[in-house]
Amino acid sequence: MKLTILGTGNATVTEYFNTCFALTRDGQHFLVDSGGGNRILKVLKDTQIDLENIHDIFVTHEHVDHLLGMPWLIRMIGTKMNQGSYEGELRIYCHADLVKTIETIADLTIQKKVTKHIGERIRFIPLQDGDTAQILGCQVQFFDIFSTKAKQFGFTMELPDGKKFTCLGDEPYNERDEEYVKGSDWLMHEAFCLYSQADQFNPYEKHHSTVRDSQLKDDQLLEDFYDKVIEHYFYGENYYII
């Protein structure tokens, strides 16, 4: 399994891409969030992630920097379906209210010859807390992170070697999710800035945290945690996690 960081920037970045990543196994990709626009297409190209090999996308929540790459992915993948260069279906996982949002944006901005695939080969999977799915041959469980800003989900994945990979979404860990998060070997946790920059950027006012905070409020959440936290992930960098 390979983890590719596609972006780590906040909603208004111009020099980097918004936060999203991909998990890859045997040439197939699981995309988590889509960034804030069509730059997702360049980022995927630069990291050699072909659209033809993306069949599962998870959208954590409705904010523009996580959502607005989706119309472009639907447009491009739907076009490839029409051209006969995309096999199988595209599955989009998100909470039920977000399904309506993405479908509405697609209907308003993409030609009907592409959106005709929605509900057929482009299939939305509306999520409830605790729902499970098989993605990349691995068991995935989705959970509500109980955001106070916008309804939002995270997920855990059981990796092929039995280790546990968890994505907490775009807000700090909520103790209500301990049953899902506890025992994770890999934890994707947001960090708005370094701890030394907290007075400058005020992350807590934005329902975010610092790198030091993400190192964990509860060390027992991770079975193994490294002595130092990676403070900066760089666009396009790969991490082989098993």
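This is a predicted model, so every value here is computed, not measured. (Residues numbered from 1 in each chain as written. Predicted model: local features only at pLDDT ≥ 70, side-chain atom pairs only at ≥ 80, totals over all residues. Heavy atoms only, no water.)

Chemist: Quick question: what am I supposed to make of the packing of helix α1 (residues 39-46) against helix α3 (residues 70-83) here?
Modeler: Each pair of packed helices can be summarised by the angle the axes make with each other and by the distance between the axes. Taken N-terminus to C-terminus, the directions of α1 and α3 make an angle of 65°; their axes are 8 Å apart at the nearest point. Seen from α1, the contacting residues are Ile40, Leu41 and Leu44; seen from α3, they are Trp72, Leu73 and Met76. Looking at the contact of α1 with α3 residue by residue, the classes come out as 6 nonpolar, no polar and no charged. (Axes fitted to C-alpha atoms, helices over the stretch in contact; angles between N-to-C directions. Helix = DSSP H or I, 4+ residues; strand = E, 2+ residues; numbered from the N terminus. Contact = heavy atoms within 4.5 Å. Nonpolar A, V, L, I, M, F, W, Y, C, P; charged D, E, K, R; others polar.)

Chemist: Can you help me understand the nonpolar core in this one?
Modeler: The nonpolar side chains of a soluble globular protein tend to be buried with one another. Core analysis: the largest hydrophobic core is formed by 32 residues, its most contacted members being Leu6, Leu44, Val59, Met70, Ile74 and Ile102. Counting residues per element, the ones that place at least two in this core are β2 (20-25), α1, β4 (54-58), α3, β5 (90-95), α4 (96-109) and β6 (122-127). The element that contributes the greatest number of residues to this core is α3, accounting for 5 residues. Ile5, Phe30, Ile135 and Leu159 belong to the second largest nonpolar core, which has 23 residues in total. (Core = buried A, V, L, I, M, F, W, Y, C linked by side-chain atoms within 4.5 Å. Buried < 20%, exposed > 50% of the residue type's maximum accessible area, 1.4 Å probe, protein only.)

Chemist: Just to check I follow, could you spell out the packing of aromatic side chains for this structure?
Modeler: Counted by the stated rule, this structure contains 8 aromatic pairs. Taken together, a centroid distance of 6.4 Å and an interplanar angle of 55° make the contact between Phe142 and Phe155 tilted. Of the two residues, Phe142 is situated in strand β8 (residues 138-144) and Phe155 in strand β9 (residues 153-158); the sequence distance between them amounts to 13 residues. Judged by its relative accessible area of 0%, Phe142 is buried. One aromatic cluster in this structure is built from Phe21, Phe30, Phe58, Tyr93, Phe142, Phe155 and Phe165. Sitting above the plane of the Phe146 ring, Arg176 keeps its charged end 3.6 Å from the centroid. (Phe/Tyr/Trp six-rings, centres within 6.5 Å; stacked < 30°, edge-to-face > 60°. Lys NZ or Arg CZ within 6 Å of the ring centre and 35° of its normal.)

Chemist: Even after reading the chapter, I still don't get the sheet that holds strand β10 (residues 164-167), so can you show me in this structure?
Modeler: The strands making up a sheet associate through hydrogen bonds between their backbones, and the pairing can be parallel or antiparallel. Spatially, the 5 strands line up as an open sheet ordered β7-β8-β9-β10-β11, and their pairing is mixed. Pairing within the sheet leaves two strands with one partner each, and these edge strands are β7 (132-135) and β11 (186-188). The average undirected angle you get between the axes of adjacent strands in this sheet is 20°. Here β7 pairs with β8 via 4 bridges, running antiparallel. (Pairing = 2+ DSSP bridges.)

Chemist: How do you make sense of the pattern of salt bridges when you look at a structure like this?
Modeler: Note that side chains of opposite charge can pair when their charged atoms are close. Evaluated as defined, the whole model comprises 6 salt bridges. Put simply, Glu89 and Arg91 hold a salt bridge, and the shortest N to O gap is 3.1 Å. Taking relative accessible area as the criterion, Glu89 reaches 21% and is therefore assigned partly exposed. Note that Arg123 is salt-bridged to Glu89, the shortest N-O span being 2.6 Å. Of this pair, Arg123 sits in strand β6 while Glu89 sits in the loop between α3 and β5, placing them 34 residues apart in sequence. The class for Arg123 is partly exposed, based on a relative accessible area of 33%. Among the charged side chains, a network of salt bridges with common partners joins Asp56, Glu89, Arg91 and Arg123. (Salt bridge = Lys/Arg side-chain N within 4 Å of Asp/Glu carboxyl O.)

Chemist: Looking at this model, I keep getting lost on α4. Mind explaining?
Modeler: The periodicity of an α-helix, 3.6 residues per turn, causes residues three or four positions apart to be oriented the same way. An ideal rise of 1.5 Å per residue puts 20 Å on 14 residues; α4 measures up with 21 Å between its terminal C-alpha atoms. Within the span of α4, buried status applies to Leu98, Val99, Ile102 and Ala106. Buried residues of α4 fall within an arc of 110° about the axis and therefore sit on the same side. Opposite the packed face of α4, turned more than 90 degrees from it, sit the exposed residues Lys100 and Leu108. (Expected span 1.5 Å × (residues − 1). Arc of directions from axis to C-beta.)

Chemist: Please clarify how α3 should be interpreted in this entry.
Modeler: Between its terminal C-alpha atoms α3 stretches 20 Å, which fits the 20 Å expected from 14 residues at 1.5 Å a residue. The set of residues buried in α3 consists of Met70, Pro71, Leu73, Ile74, Ile77, Gly78, Lys80 and Met81.

Chemist: Is there a simple way to explain a negative patch on the surface in this structure?
Modeler: Judged by side-chain charge, Asp129, Glu175, Glu178 and Glu179 come together as a negatively charged surface patch. Structurally, Glu179 is set in helix α6 (residues 178-181). Residue classification places Glu179 among the exposed positions, given a relative accessible area of 65%. (Patch = residues over 30% accessible without salt bridge, like charges linked within 9 Å, V, L, I, M, F, W, Y side chains within 5 Å. Areas by Shrake-Rupley, 256 points an atom, 1.4 Å probe, with all protein chains shown as cover. Lys, Arg positive; Asp, Glu negative; His and termini not counted. Charge placed at Lys NZ, Arg CZ, Asp CG, Glu CD.)

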